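Listed here are the chains, written in short residue letters.
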Amino acid sequence: MKVLVPVKRVIDPNVRPRVKADGSGVDLANIKMAMNPFCEIAVEEAVRMKEKSIVTEIVLVSIGPAQAQETIRIGLAMGGDRGILVQTDMAVEPLAVAKILKAIVDSEKPDLVITGKQAIDDDSNQTGQMLAALLDWPQGTFASGVTKEGDKLNVTREVDGGLQTVSLSLPAVITTDLRLNEPRFASLPNIMKAKKKLIDVKTPADYGVDVTPRLQVVKVAEPKKREAGEKVADVDALIAKLKSVGAI
Amino acid sequence: MALDPETRQQLIETVRRFVNEVCRPNEQLLSETNAIPDAIVRQMRDLGLFGLSIPEAYGGLGLTMEEEALVILEMGHTSPAFRSAFGTNVGIGSQGIVMFGREDQKHDWLPKLATGEAIASFALTEPDSGSDAGSVKTKAAKDGNHYVLNGSKRFITNADKAHIFTVMARTDPDTPGAKGLSAFIVDRATPGITIGEPEKKMGQQGANVCDVVFDNARVPIANRLGEEGEGMKVAMSVLDRGRLHIASLSVGIAERLVEEITRYGSERKQFGKPIIEHQLVMGMIADSYAEAAAGRAMVLNAVRKYDAKDKITLLAAATKMWCTEMVGRVADRAVQVFGGAGYIADCAVERFYRDVRILRLYEGTTQIQQIVIGRELQRMAKAGEI
């Protein structure tokens, strides 16, 4: 089975983001970037499936600036086989990403696409679903468990009421939730070997996709500073307090 | 061959992440249990840390000294006992084989050392032979196809886990001093070897040192490293590299301590403001930062010269001496900045204060480095090089 795993280059989750002074976005100048943690989980799942001989080839795709190649390299060091960089310096929205991925799926013909459920920069949580719709493939979103049964994949999903398991015919799209697995550290020998793996560089135009943004960012602002809490003496005081602020 | 900048950066960032996410949260546990959790040792093996300096042909990473130093600088940002788990495989335990081993010796041992499947220790120090390395008493007497080893080694790092030892022993009882010494690869399974109980140490809990006693241990002649009488040459070559390794570690720890005191100094308030704003405290933090930065520059200069195959003995001794003394000063200031809190057991700076004390002692004391530096300068003057 061939798997396609999209990986996004985002601000490092351990870095505290700062909003640009003019409120037009997050300041990325000299900020450490890393692979989106949900994408990391997607790569890890693909690598584990390869280790179990369910998967034979893992193709990684990143859509973004030239530096996104580093993100692909990390995935290759984790166990990916080759990469495709779709290079663009524009801010690419979920629909454009889904369209590019669809075009790549059409040419690569994978049996499975595993994406992160969302990227931690804009938290859209749309790409996987849009891709499944464009492809008209079944989808298992928010996966916390994936097992193969015959020619189907059982995907356990984290839903509000608990866990739901769906059975997907292949080809299919899976989006990963946080508890699916704990991604490995790429080993140092594999980081060195990853340099020798192939990364194809393409552009959105190669896939006939117009990535011009359809959304307009009106304003980006820092979250409101948390105010100091208040201690209350007992439950009665707590209830009175909650009532006074209209919380109950 | 040196790595391209991008791969090198990824390598260092991976080690940094491992230190931050795996080692640092377990420092307290390591200190309390006096052992590195097995799961972390496994992760170190999976990461490839045991094979940093072992050539790629034998399953290691074959890093240059500069690359090794950059990795060790990162490892310095956590309790040094973590580094010690693989330190002897990277440094003094394996380098004798890498530098002086025959092809069959390399083939037999290096792949296992690179993966961490086998642990290597370096056995030079004895109860009566510390800084005076040439006074080693352990004997290796030839008997047929074997040498028979008798004697005791002391303070041998990782001896309790070791599968092989690089042992310095006297092959020529009639030649006193360094010239009568030879180096051997000794399999731990050899009958006649006893490992003592781990010593109770001042710091670096989780990294053990033990006595190793040889009682008629028969070691095949084929296990000798280099020629008879070359023992000291093996030891000194290994130690030149080891000194740069320890200097890198010292700078890494100094950087961690600067981080600790900067954070604490910014949070802790006295007289109505963060203590970092009190100039006397500010001075200690500034001096520590500057010294750590100077140490990094010194280490990087030395390791680049090592990789360029410059003669390194003088600079390696100077770098080891300065960086280990420097981290001692920084650790002392760190406790001072923390005040009473820094004296409480298992506050990070209290631990590091104890951990760094050994750095000025092993791989040659500061005083031995001074002698190496002094003698080397004198030799250069005599040779007209100065």
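Above: the structure in question.
All of these numbers come straight from a predicted model, not from anything done at the bench.

(A) Structural context of the interface of chain A and chain B. Every contact between the two is made by 14 residues of chain A and, on the other side, 22 residues of chain B. Contact with chain B buries area across many residues of chain A, yet Phe-185, Leu-188 and Met-192 of chain A alone supply 47% of it, more than any other trio. Our count for the chain A to chain B interface comes out at three salt bridges. With a closest N to O distance of 2.8 Å, Arg-17 of chain B and Glu-40 of chain A form a salt bridge. The interface formed by chain A and chain B holds four residue pairs in polar contact (both at pLDDT 80 or more) in total. For the side of chain A that touches chain B, the elements supplying multiple residues, two or more each, are helix H2 (68-78) and helix H5 (188-194) of chain A. Sort the elements by how many residues they give to the side of chain A that touches chain B and H5 of chain A lands first, with four residues. Along the lines of polarity and charge, the residues of the side of chain A that touches chain B split into seven nonpolar, two polar and five charged.

(B) Up close: the packing of helix H4 (residues 65-75) of chain B against helix H5 (residues 80-90) of chain B. Residue and element names in this part refer to chain B. One way to put it is that H4 packs onto H5 with a least axis distance of 11 Å and a crossing angle of 160°. On the basis of their axis angle, the class for H4 and H5 is roughly antiparallel. As for how H4 packs across H5, the hand of that crossing is left-handed. Residues Glu-68, Ile-72 and Met-75 of H4 form the contact with H5, whose participating residues are Phe-82, Arg-83, Phe-86 and Val-90. Tallied by class, residues from the contact of H4 with H5 come to five nonpolar, no polar and two charged.

(C) View of the packing of helix H8 (residues 231-267) of chain B against helix H10 (residues 313-338) of chain B. Residues and elements named next belong to chain B. Running from N to C, H8 and H10 cross one another at 20°; their axes reach a closest spacing of 8 Å. It follows from the interaxial angle that H8 and H10 lie roughly parallel. Where H8 crosses over H10, the two elements pack in a sense that is left-handed. A class-by-class count of the residues in the contact of H8 with H10 yields 18 nonpolar, four polar and four charged.

(D) Inspection of the packing of aromatic side chains at higher detail. According to the stated counting rule, one finds four aromatic pairs over all chains in the structure shown. Ring centres of Phe-185 of chain A and Phe-18 of chain B lie 5.8 Å apart, and the angle between their planes is 85°; this geometry places the pair in the edge-to-face category. In this pair, Phe-185 of chain A sits in the loop between strand E10 (172-176) and H5 while Phe-18 of chain B sits in helix H1 (residues 5-23), so the two residues belong to two different chains. Relative accessible area serves as the criterion here: at 17%, Phe-185 of chain A is assigned to the buried category. A cation over a ring is seen here: Lys-112 of chain B above Trp-109 of chain B, with NZ or CZ 4.9 Å from the ring centre. The side chain of Arg-329 of chain B reaches across the aromatic face of Trp-322 of chain B, ending 5.5 Å from its centre.

The rules we used
- Residues numbered from 1 in each chain as written.
- Chains lettered and ligands numbered in written order.
- Predicted model: local features only at pLDDT ≥ 70, side-chain atom pairs only at ≥ 80, totals over all residues.
- Heavy atoms only, no water.
- Contact = heavy atoms within 4.5 Å.
- Buried area = accessible area lost by both parts, 1.4 Å probe.
- Salt bridge = Lys/Arg side-chain N within 4 Å of Asp/Glu carboxyl O.
- Polar contact = N/O pair within 3.5 Å; in protein donor to acceptor, adjacent residues only side chain to side chain.
- Helix = DSSP H or I, 4+ residues; strand = E, 2+ residues; numbered from the N terminus.
- Nonpolar A, V, L, I, M, F, W, Y, C, P; charged D, E, K, R; others polar.
- Axes fitted to C-alpha atoms, helices over the stretch in contact; angles between N-to-C directions.
- Parallel < 35°, antiparallel > 145°, perpendicular 65-115°, else oblique.
- Left-handed = near helix turned anticlockwise from the far one by under 90°.
- Phe/Tyr/Trp six-rings, centres within 6.5 Å; stacked < 30°, edge-to-face > 60°.
- Buried < 20%, exposed > 50% of the residue type's maximum accessible area, 1.4 Å probe, protein only.
- Lys NZ or Arg CZ within 6 Å of the ring centre and 35° of its normal.

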